[in-house]
Each structure stands twice: as structure tokens, then as C-alpha cells.
Amino acid sequence: MRSLLRPAFETLVDLVYPPHCAGCGTAQPSGKWICGKCEAAVRRLDGPKCAICSRPFDGMLDTFACPNCRGAELHLDFAVAVMHSHGLVRDLIHRFKYGREFHLRRVLGDWLVESFEDSRLAAMENPTLIPVPLHPARQRERRFNQSAALAEWVAESRGLRLEHPLRRRLHTVTQTHFDRRQRMRNLRDAFALRHNADVKDKSFLLVDDVLTTGSTLDECARVLLEGGARSVRAITVARG
Ligand SMILES: [Zn+2]
Ligand SMILES: [Zn+2]
């Protein structure tokens, strides 16, 4: 499913600079940001997967919770990831995040919109989108917050409200090599509600580029629920 609504500015830019495939660089007709060949090479998470964390499993029933999620004390209802974090998808996310290639939000954003094909999200009444915040120092370094850029794209495509009630308090160190307990300790107090934030009784959809362990999203959900939010779910482009 491709979003039909596009910002007028994008259309104008396309006229001046004809688009090229984000994957292989071949020229594309206006409104196309990835070629058919590259699109065919990406792997969607359309097989059986964990209903909570979107982790794919072979040969399982459609609805089940993986061993990680079963019995875990989670604040997030569930997270829907669209793609395997693999090959081109992983490359594009990496270029988007660290290579400052802001234009890639169009391809990644359109993929992220596909998360609404999940009937549980389609049934939500006007969820409010919240991007996972970056620490201001990190944002200066990257030029933009990739989660916020994606959330803006989804908000525009789906006509949803976007809010920024969360702020990042600490400059958390990269946690790739931490185990789960170390990650949770590192994340504790990393997020807080902004002073004027009003999250009471609202249903939220957190937005991020990739879900790896889910601990960042769950920590955001914990802060929102503590502030009185009714429910917190999440969407991500990819599942690591
Ligand atoms: Zn291509
Ligand atoms: Zn799971």
C-alpha cells in the first residue's frame, strides 16, 4: 500500500530534481522513490511473527507470543514492524540515520505506513503519533531526529495527530553490547514527560526506525502510562 497524499513541496522538488531509486540510483518517474527491482528484493515481515514484538518465527500459528514476550512485564501493548532489518532495508536505515540522507524518509515512511495493514492498528480511533526523542546533542550531530522525520511522514499520509510529549534526559551510551538487564538500567530515567505534556487518557503510537530489543520503546511506554496514557503501541520500519 502506498500513501496517496504527498506534501506539495515534494512534488515541486521532483519536478526540478527527477527522483532516483534510493537503492540503485536509477532514474524513476515522479512519485517513485524506489525501483521495482529493489522493492522486490526487500523482505516484509508478512509471515508468522510474535503478536507482541513482531519477531518472526517459522511454522508457528498466526497469533502467539514469543518466549521473550510471554510473561514479560511490558508497558507497550505491542509493536508492529514492517520489514526484516536486512540488506537494502538495513542499508537505507543506516544511510538515513548516520548519513544524513533526509530524502530517504520517503521510502522508509511509505513502508512504515504499511504497518496500518495490521487490523489492530487499523481499528484504532485517531491514535496520536509520538516519535522516540533524541537527546538534543545527538540530534545536532545527526541534523535531524530520524524517528520524528518518519512520524511526520506517517502523520501526513494518514491524517493523524503528532505530538512530542517526551524528552530524552540522558545521553545514553550506545547499548549494542549490553545484555537486557544492563540495557534496562541504562535506559532508566532516559525519558521524561515534558512539563506541559498532557497524555491523560490518550492512545499513542510510538514511532521509531527499527525495533531491536524493544527496551527503548517499552521505556517510553512506561513513562507515558505513568503520566496517565490509556494505551501505548508502536510502529517501526524494521525488526532487527
Ligand atoms: Zn533500484
Ligand atoms: Zn515477542
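Residues numbered from 1 in each chain as written. Chains lettered and ligands numbered in written order. Predicted model: local features only at pLDDT ≥ 70, side-chain atom pairs only at ≥ 80, totals over all residues. Heavy atoms only, no water.

### Things to note about the coordination of the zinc ion (ligand 2)
Reasoning step 1: All of the protein donors around the zinc ion (ligand 2) are C50 (SG), C53 (SG), C66 (SG) and C69 (SG); their distances to the metal are 2.3 Å.
Reasoning step 2: Around the zinc ion (ligand 2) sit 4 donor atoms; with metal-centred angles ranging over 105 to 112°, the donor geometry is tetrahedral.
Reasoning step 3: All donors to the zinc ion (ligand 2) come from one chain, and their sequence spacing reads C-x2-C-x12-C-x2-C.
Reasoning step 4: Classification of C66 by relative accessible area gives buried; the value is 0%. (Donors = N, O, S within 2.8 Å, 3.2 Å for Na, K, Ca; no water. Tetrahedral: all angles 85-135°; square planar, octahedral: opposite > 155°, others 65-115°. Buried < 20%, exposed > 50% of the residue type's maximum accessible area, 1.4 Å probe, protein only.)

### Section: the coordination of the zinc ion (ligand 1)
Reasoning step 1: Around the zinc ion (ligand 1), the protein supplies C21 (SG), C24 (SG), C35 (SG) and C38 (SG) as donor atoms, at distances of 2.3 to 2.4 Å.
Reasoning step 2: Metal-centred angles of 104 to 115° between the 4 donor atoms at the zinc ion (ligand 1) mark the site as tetrahedral.
Reasoning step 3: In primary sequence terms, the donor set of the zinc ion (ligand 1) follows C-x2-C-x10-C-x2-C. One end of the pair, C24, is in the loop between helix 1 (8-16) and helix 2 (36-41); the other, C35, is in the loop between helix 1 and helix 2, with 11 residues separating them in the sequence.
Reasoning step 4: On the basis of relative accessible area, C24 is assigned to the partly exposed category, the value being 44%.
Reasoning step 5: In this structure C35 comes out as buried when scored by relative accessible area, which is 8%. (Helix = DSSP H or I, 4+ residues; strand = E, 2+ residues; numbered from the N terminus.)

### A closer look at the nonpolar core
Reasoning step 1: With 39 residues, the main nonpolar core has L108, W111, L121 and I235 as its most contacted residues.
Reasoning step 2: Ranked by the residues each element gives to this core, the list is headed by helix 7 (residues 146-158), at 6 residues.
Reasoning step 3: Those residues in contact with L121, other than ones at most four positions away along the chain, are F78, V80, S115, F116, L205, R233 and I235.
Reasoning step 4: Ranked by size, the runner-up nonpolar core spans 20 residues in total, among them A79, V132, A190 and V199. (Core = buried A, V, L, I, M, F, W, Y, C linked by side-chain atoms within 4.5 Å. Contact = heavy atoms within 4.5 Å.)

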